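If you want the building blocks of each chain, they are given just below.
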Amino acid sequence: MYKRAVALAQWPESLERADYEPVDHLAVFGLAGTPPVTGVIAELVDGGHVAGRLVAAAGPDLHLECDDGAVLVLDTRLVKGWELAAAGYTGGVTVPVREAVAAERAAQDGLF
């Protein structure tokens, strides 16, 4: 992404090209040492359940470790308008889950 950005012509005068200095934010977001994500909750549905132990939170995303060992990411923006109930449900996740995409296969199109 950096190479693509600095290769662009006609940068506005208010911007200057800076050297690339990556920073690992895993520890800041509590993600260091957490189990790898295996799936992403695609949507919430009527009668569906999501239950798990919170292992990390980053931005709007909650990383939940489920009883079966799967680690799922729940984007809390999906929760708007849905009922939250007390813990105790042990029937697993009954909402659509999509497979987590490996970082090396995921190409980011842009920043926003």
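Relevant structure appears above.
Cut-offs applied
- For every chain, the first residue of its written sequence is number 1, and the numbers climb from 1 along that sequence.
- It should be noted that, the model being predicted, local features are given only for residues of pLDDT at least 70 and side-chain atom pairs only at 80 or more, the latter also being counted only at that level, while totals for whole chains, interfaces and linings use all residues.
- No hydrogens and no water enter the side-chain calculation; it runs on all heavy atoms of the structure.
- Only runs of H or I of at least four residues qualify as helices and only runs of E of at least two qualify as strands under DSSP, and these elements are numbered from the N terminus.
- Note on classification: 1.4 Å probe, protein chains only; a residue is buried when its accessible area is under 20% of the maximum for its type, exposed when over 50%, partly exposed between these limits.
- Pairs of residues are marked as contacts when any of their non-hydrogen atoms sit within 4.5 Å.
- For the area figures, the Shrake-Rupley method with a 1.4 Å probe applies, and any residue is considered shielded solely by the protein chains shown.
- Any Phe, Tyr or Trp ring, taking Trp's six-membered ring, that has another such ring centre within 6.5 Å forms a pair; planes under 30 degrees apart are called stacked, those over 60 apart edge-to-face, and the others tilted.
- Side-chain atoms within 4.5 Å link the members of a nonpolar core, which is a set of buried Ala, Val, Leu, Ile, Met, Phe, Trp, Tyr and Cys residues.

**Q** Before we go on, may I ask you to explain the overall build of the chain in this structure?
**A** Summing up its helical and strand segments, the chain has 1 helix and 5 strands in all. Classification of the 112 residues of the chain by burial places 19% in the buried group. Put simply, of all contacts in the chain between residues at least 6 apart along the chain, 60% involve residues at least 24 apart. Surface accessibility of the chain: about 8800 Å² in total, with carbon and sulfur atoms responsible for 55%.

**Q** Before we go on, may I ask you to explain the packing of aromatic side chains in this structure?
**A** Aromatic ring pairs are described here by two measures, namely the spacing of the ring centres and the angle between the planes. Summed over the entire model, instances satisfying the criterion amount to 1 aromatic pair. Ring centres 5.2 Å apart and planes at 35 degrees place the aromatic pair Y2 and Y20 in the tilted group. Of this pair, Y2 sits in helix 1 (residues 2-7) while Y20 is found in the loop between helix 1 and strand 1 (39-41), placing the two residues 18 residues apart along the sequence. Judged by relative accessible area, Y2 falls into the partly exposed class, the value being 32%.

**Q** How should the nonpolar core be read in this particular structure?
**A** In a soluble, globular protein the nonpolar side chains are often hidden away together inside. In this structure, I41, L44, L64, C66, A70, L72, L74, V79 and V95 together form the largest nonpolar core, which totals 9 residues. The residues contacting V79, other than those within four sequence positions of it, are L44, L74 and L84.

**Q** Would you take a moment to explain the side chain of H63 for this structure?
**A** Within the element layout of this structure, H63 appears in strand 3 (residues 61-65). Other than its neighbours up to four places away in sequence, H63 contacts L31, V37, R53, L54, V55, A56, L72 and V73.

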